[in-house]
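Architecture and fold: a report
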Amino acid sequence: MEIATQSIEGGFADPVFNAQTVFRAVMDAMAQPGSVQPLPAFAHPPAPLSAMAGAVALALCDNDTPLWLDPALQISAAVKSWLGFHAGAPLANTPADAHFALIAAPAEMMALDGFSQGTQDYPDRSTTLILQVSDLTSGTPLLLQGPGIEKTATIAPARMPRHFVEQWKQNSQRFPRGVDIILAAADSIACLPRTTRIKTMEA
Amino acid sequence: MTAQPTDIATYNFAYLDEQTKRMIRRAILKGIAIPGYQVPFASREMPMPYGWGTGGVQVTASIIGPDDVLKVIDQGADDTTNAVSIRAFFKKVANVAVTTETAKATIIQTRHRIPEHPLAAGQVLVYQVPIPEPLRFLEPRETETRKMHALEEYGLMHVKLYEDIARHGRIATTYAYPVKVEGRYVMDPSPTPKFDNPKMHNSPALQLFGAGREKRIYALPPFTEVVSLDFEDHPFEVQTFDQPCALCAAENVYLDEVILDDHGGHMFVCSDTDHCEKRREEGHRGHLAPETRLAPEKMEPAQ
Amino acid sequence: MYVAVKGGEAAIANAHRLLADRRRGDRSVPALRLDQIVEQLALGVDRVMSEGSLYDRELAALAIVQARGDMIEAIFLVRAYRTTLPRFGYTRAVETGAMLVERRVSATYKDLPGGQLLGPTFDYTHRLLDPELAAGGDVEEPLRRENEAEAMPRVSAILAREGLIEPDGDMPRDHIPGDITREPLEFPMARDIRLQALSRGDEGFLLALGYSTQRGYARNHPFVGEVRIGEVELELDVPELPFAVPLGSIRVTECQMVNQFKGSAKAPPQFTRGYGLVFGQSERKAMAMALCDRALRATEFGEDVVAAAQDEEFVISHSDNVQATGFVEHLKLPHYVDFQAELDLVRRMRAEHDARENAGKAEEKREAAE
Ligand SMILES: [Zn+2]
C-alpha cells in the first residue's frame, strides 16, 4: 500500500469515544500500577507501530506534544506520516525534548535517563514512554508496590529494556522527577508510574 | 423580532473540544504519577463562573464516557443549586446517566464533602478546588511556594499550625486541613471539613482534584498514604458531634445544623443527603424524623 | 418542621424564566436587534471583543443583549464560547505601522509625518446631555478627506532614528510567542505573555493601576508618543503556500507610551516604552495597558519594585475579570459545611474561655473570703 493511503487510513473510527475509552484504560492503569486493562484495537497504524501503541498515541498526543520515535519507528516513513496525519504531533529533536516517546523495540532502547526527567520545580515536564510489548505475562515477573497498589501487584512484560530493574530503581530515586511508562501489549495496557517500586522476584 | 434561533454559535459534544480534553487528560496522568503535586494545566473558560466548579467540571468532562453514571454533590447534598446545575450541565452536554446514590455512581463530582458511604475500587471522586496551594495563605507568591514544594520545605506550614496551638491551645484549622501525601507533597484536600480527611487515606477510589481558576490538577491514586499534618503532643483529630442525625439517627457522620425557629431552636442532620435517605429507607429513625416527630410547639431545641 | 430542600431543578428553571422576562422587559418596546447594538453601542461591543479575546462583533452584540448590558457577564459569555473553538493557526504579527488610520494623535510632537488626526473622539466634546439624541434626530454625513493620506510611521520609529529610545522588544530570534489561552501561566513571565494577559485584562483594574503610577506609586514619567486607531491586515502563513494568505482586517487601538528613563546600572539613559494594543476602539484601555506594561518592566531596567503596578504576580494574577468575578461571586454558594466546622470550633473555644473565666472568678471569691 502506498504511504499516502497508509497514512490516511487506520485512525480512530469514532475519535471522540475511542479516545475516551483508551484514555480511561490508561488512567485506570496509571492509577493502579500493574493492573492489566483490556482494550480492543481501535487504531490500525502501519507496522512496526502496534495497534495498541498507535491508539495510545492518538488518544494522548497532538501538536502540543513533541514525540520521539525509537530507531525502529524512525526509519518507517509510513509510521511518521500516519502519526503526522492522525495525531499531528511534531517529532522531537532529541529524547530530552519529548513529551512522549514511542518505543517499538524496548529491548534495544536507550537508557531511561536519556529522556526528559522534568525538573524539581516542574516534575510533570518529563517524558512519558509508550513501550510496545508483545504481552504482559511471559517476561520476568516484577513484584510491584507503591501508590495505587493495595498490597502488591505482579506483572511480567515481555522483552523489557536492558537492566530494567536497576534503571527503574534509579528512576525512583529521582522522585519527584522521572519518567512514567505505558506498556502497550497486543490487547491490553498496563502502566508503571514513577512512584511504583519494583521488587524483583528474581534478582 | 421572531424568536428563530440562528446557528450563530454552536458548541462541541461534551462542551470541551478534543484537543482540550487531551491536554487535561495528560495533566491527569501526570497528577496520578506524582501524587499530591499540582500539575499546571491550561484551564479553559467554562460556561459556569470560575470558583463554581470549573476545575472539577473540566476534569469530569475529560474523563466521562457514555457508560458512566454521574453523581454531583455540593456540601454533601445532591439537591443544592450548584450541584443541580452541574448535574444538569452534564446531562445536557454528555447525555450521561445521573444518580444520587453514592454506590451506583462511577464518577462523583464534589464540592466540600466526601460521601459517607465508603467509596469502592473503580469509582472516581472529582473535587472542585478553589485554592489548590496549601501554602498560599502563608505565602501569596507562586514563585515562592513552587520553590518550597521543590525543596520539600514545609517548615512554614508547621510554624503556622504551631502558632495556632500557642494561641488557641489547639490547631484551629477546621476545613481545608493540610495533608502530606506519601511522605512527600503537602496537599490541600479542598475545603472539605477535616472530618473527611481520614477518608482520603488508602481510599480504594481514585481521587482527582481540579482547580480551574488557579489552573491546577492534582490526584491521589487509590491506596495512597494521606496523613493530616499534626504534632506528637497535638495529634490530628476530627470533629465529633454530641448527638446523632435528627432524621436517621446516624452517628459518626458529618452533621449540618439546621435552624428551626428564631428562638435558638436547631437540629443536626446528615450533610450527606443520600446517606440520610438511604438510612431512613432502611427504617432508621431519628428523634425528629417526620413519622415520630413531636408536635412543633413541644419540639425541644437541641442543646 | 424541617423539610429537606428539594426541587432545586424547578427553582433554577423558574429563576431563568424570570431572568428571560426581565431581560426582555416591556413587550410593547421593540426588542433590540444585534445590528442596532453593533452599530450604535460599538464601543461596548469593542470592549467585549477585547476582553473576551474574540474578534466578532455580532457575537459580542449577542453577548451584550444576553447579559442585559452587564459587560463582564458579556465578556464571560464570549470567552466561554471562544474557548471551544478549534485553533487553525497563528497569523503573522500585525503591522501597525501600515494601519489604515482613522485616528492618530501624538503628545510628544506638535506635528509629525502623517499629521495629527483627531478621528471619532469624545475629546473636546462638552459633556452636555444631548436631547436631540433622545429624539432620534437625523445625523449629518461625515466629511471625507480629499487627498490620499500620506504614510504614518510610528512615533517610536521616528525617535529610534536618533537612538533616543530603546528599540522594539528584543525577544530571541527563535522565540516562539506564547499563548495564554493554551498554556498555563508561569511566573516570572516573558513580555509577550504578559502583554497578552494585559490586553484581555479588565479595563477598570488596569485603569486604576495605571492611574496609581501617575500618582507616585512607581511613577514612570509617561508621554503619549502616539495613540492610533484603525484597520490592520491579518495574514496567515500556510505551509503549502509560498505567500501569506490575507484573512481580512480588524480594527485595533495601539498606544506607544514614551517614558523618561535616567539610566541604570543595566541600561543607558534613553526613553523607554510601554505598549498597549487592544481590539476595537479603546484608548483608555490601550493607554492604561501601556502604563502597566512599563511599570511591569521594572526589573528589566534594574528599578526597585515598590508598588502594586510593578508586581507581576499581583497584577497578572488579578487582572482577569472573568476569574475575579467568578471567585468573588462564588461566595454566594453554600459554604455551610465549612461554616459548621468553624461554628463548632468557636463554640468549643468559647466554652473553654467561659470555664477559665468562671474558674478565675471562683478563685477570686475564695481568696476574698479567706
Ligand atoms: Zn441522617
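If you look chain C up in an unreviewed UniProt entry, it shows as Carbon-phosphorus lyase complex subunit PhnI from Mesorhizobium helmanticense.

By the naming in an unreviewed UniProt entry, chain A is Phosphonate C-P lyase system protein PhnH, taken from Mesorhizobium helmanticense.

**Some remarks on the overall build of chain C**
On a plain count of helices and strands, chain C comes out with 13 helices and 4 strands. At 28 Å, chain C has a C-alpha radius of gyration far larger than the 21 Å of a compact globule built from 370 residues. Oriented by its inertia axes, the alpha-carbon framework of chain C measures out at about 105 × 65 × 55 Å. By residue count, 39% of the 370 residues in chain C fall in the buried class. The long-range share in chain C, meaning contacts at least 24 apart out of those at least 6 apart in sequence, stands at 65%. In the structure as shown, chain C presents an accessible area of about 22100 Å², 57% of it carried by carbon and sulfur atoms.

**Topic: the coordination of the zinc ion**
Coordination sphere of the zinc ion, protein contribution only: C245(B) (SG), C248(B) (SG), C270(B) (SG) and C276(B) (SG), at 2.2 to 2.3 Å. One can describe the donor arrangement at the zinc ion as tetrahedral, given that its 4 donor atoms subtend angles of 105 to 117° at the metal.

**Some points on the packing of helix 8 (residues 191-199) of chain C against helix 10 (residues 283-296) of chain C**
All names here are of chain C. One can describe the packing of helix 8 onto helix 10 by two numbers: an axis separation of 10 Å at closest approach and a directional angle of 145°. The hand of the helix 8/helix 10 crossing is right-handed. Side by side, helix 8 and helix 10 meet where R191, R194, L195, L198 and S199 of the first sit next to K285, M289, C292, D293 and L296 of the second. Residues of the contact of helix 8 with helix 10, tallied by class, amount to 5 nonpolar, 1 polar and 4 charged.

**Observations concerning the packing of aromatic side chains**
Tallied over the full model, the rule gives 13 aromatic pairs over all chains. Between the aromatic rings of Y127(B) and F209(B), the centroid separation amounts to 4.1 Å while the plane-to-plane angle is 10°, which identifies the pairing as stacked. Taken together, the positions of Y127(B) in strand 5 (residues 124-128) and F209(B) in strand 8 (residues 206-211) put the pair 82 residues apart, joining distant regions of the chain. Exposure class is identical for Y127(B) and F209(B). Each is buried. Three or more aromatic residues link up through ring pairs in this structure, and these residues are F195(B), F241(B), Y254(B) and F268(B). Taking NZ or CZ as reference, R125(A) lies 3.7 Å from the ring centre of Y122(A), over its face. Here the guanidinium or amino end of R184(B) rests over the ring plane of Y185(B), the centre of that ring lying 4.3 Å away.

**Notes on helix 5 (residues 77-86) of chain A**
The complete set of buried residues in helix 5 of chain A reads A78(A), V79(A), W82(A) and L83(A). In an axial view of helix 5 of chain A, the angular spread of the buried residues amounts to 130°, which keeps them on one side of the axis.

**A short note on the interface of chain B and chain C**
Accessible area lost when the parts come together is the quantity often used to give the size of an interface. Taken residue by residue, the interface counts 68 residues in chain B and 50 residues in chain C. In this structure, the salt-bridge partner of R200(C) is E45(B), at a minimum N-O distance of 3.2 Å. Connecting chain B to chain C are 21 residue pairs in polar contact (both at pLDDT 80 or more). Contributions of two or more residues to the side of chain B that touches chain C are made by helix 3 (81-94), helix 4 (142-151), strand 11 (255-259) and strand 12 (266-270) of chain B. No other element matches helix 3 of chain B, which puts 5 residues into the side of chain B that touches chain C.

**Digging into the pattern of salt bridges**
Inspection of every chain in the model, using the stated rule, returns 55 salt bridges over all chains. Notably, a salt bridge pairs D74(B) with R111(B), separated by 2.7 Å at the nearest N-O pair. Taken together, the residues span a long stretch of sequence, with D74(B) in strand 2 (residues 69-74) and R111(B) in strand 4 (residues 107-111) at a distance of 37 residues. Judged on exposure class, the residue D74(B) and its partner R111(B) are both buried. Look at the salt bridges and you will find they share partners, linking E45(B), R79(C), R200(C) and D320(C) into a network.

**Some remarks on the sheet that holds strand 6 (residues 153-155) of chain A**
By definition, the strands of a sheet pair up through backbone hydrogen bonds, in either a parallel or an antiparallel sense. Residue and element names in this part refer to chain A. With antiparallel pairing, the 3 strands of this open sheet are ordered in space as 6-5-9. Two strands lie at the open edges of the sheet, namely strand 6 and strand 9 (197-200), each paired on one side alone. Strand-to-strand twist in this sheet, taken as the mean axis angle between neighbours without regard to direction, amounts to 35°. Pairing geometry for strand 5 (residues 142-145) and strand 6, over 3 bridges, is antiparallel. Bridging across to strand 6, L142 finds its partner in I155.

**Notes on the side chain of R294(C)**
By secondary structure assignment, the location of R294(C) is in helix 10. Beyond its immediate chain neighbours, meaning those up to four positions away, R294(C) contacts N220(C), N259(C), F261(C), T272(C), R273(C), G274(C), F301(C) and E303(C).

**Regarding the nonpolar core**
Within the largest apolar cluster, 109 residues are counted, with the highest numbers of intra-cluster contacts made by M27(A), L102(A), I28(B) and L208(B). Of all the elements, helix 2 (residues 15-31) of chain A adds the most residues to this core, at 9 residues. Among residues more than four places away in sequence, those in contact with L208(B) are M27(A), I28(B), I32(B), V59(B), I63(B), V124(B), L125(B), V126(B), Y127(B), Y218(B) and A219(B).

**Structural notes on the sheet that holds strand 8 of chain B**
Residues and elements named next belong to chain B. The strand order across the open sheet built from 7 strands is 1-9-8-5-4-2-3, with neighbouring strands paired in mixed fashion. Sheet topology places strand 1 (39-40) and strand 3 (97-98) at the edges, where each strand pairs with a single neighbour. Packed onto the sheet, helix 2 (residues 54-63) meets strand 2, strand 4, strand 5, strand 8 and strand 9 (216-220) and runs at close to 150° relative to strand 5.

Calculation notes
- Residues numbered from 1 in each chain as written.
- Chains lettered and ligands numbered in written order.
- Predicted model: local features only at pLDDT ≥ 70, side-chain atom pairs only at ≥ 80, totals over all residues.
- Heavy atoms only, no water.
- Helix = DSSP H or I, 4+ residues; strand = E, 2+ residues; numbered from the N terminus.
- Rg over C-alpha atoms; globule rule 2.2 N^0.38 Å.
- Buried < 20%, exposed > 50% of the residue type's maximum accessible area, 1.4 Å probe, protein only.
- Contact = heavy atoms within 4.5 Å.
- Areas by Shrake-Rupley, 256 points an atom, 1.4 Å probe, with all protein chains shown as cover.
- Donors = N, O, S within 2.8 Å, 3.2 Å for Na, K, Ca; no water.
- Tetrahedral: all angles 85-135°; square planar, octahedral: opposite > 155°, others 65-115°.
- Axes fitted to C-alpha atoms, helices over the stretch in contact; angles between N-to-C directions.
- Left-handed = near helix turned anticlockwise from the far one by under 90°.
- Nonpolar A, V, L, I, M, F, W, Y, C, P; charged D, E, K, R; others polar.
- Phe/Tyr/Trp six-rings, centres within 6.5 Å; stacked < 30°, edge-to-face > 60°.
- Lys NZ or Arg CZ within 6 Å of the ring centre and 35° of its normal.
- Arc of directions from axis to C-beta.
- Salt bridge = Lys/Arg side-chain N within 4 Å of Asp/Glu carboxyl O.
- Polar contact = N/O pair within 3.5 Å; in protein donor to acceptor, adjacent residues only side chain to side chain.
- Pairing = 2+ DSSP bridges.
- Core = buried A, V, L, I, M, F, W, Y, C linked by side-chain atoms within 4.5 Å.

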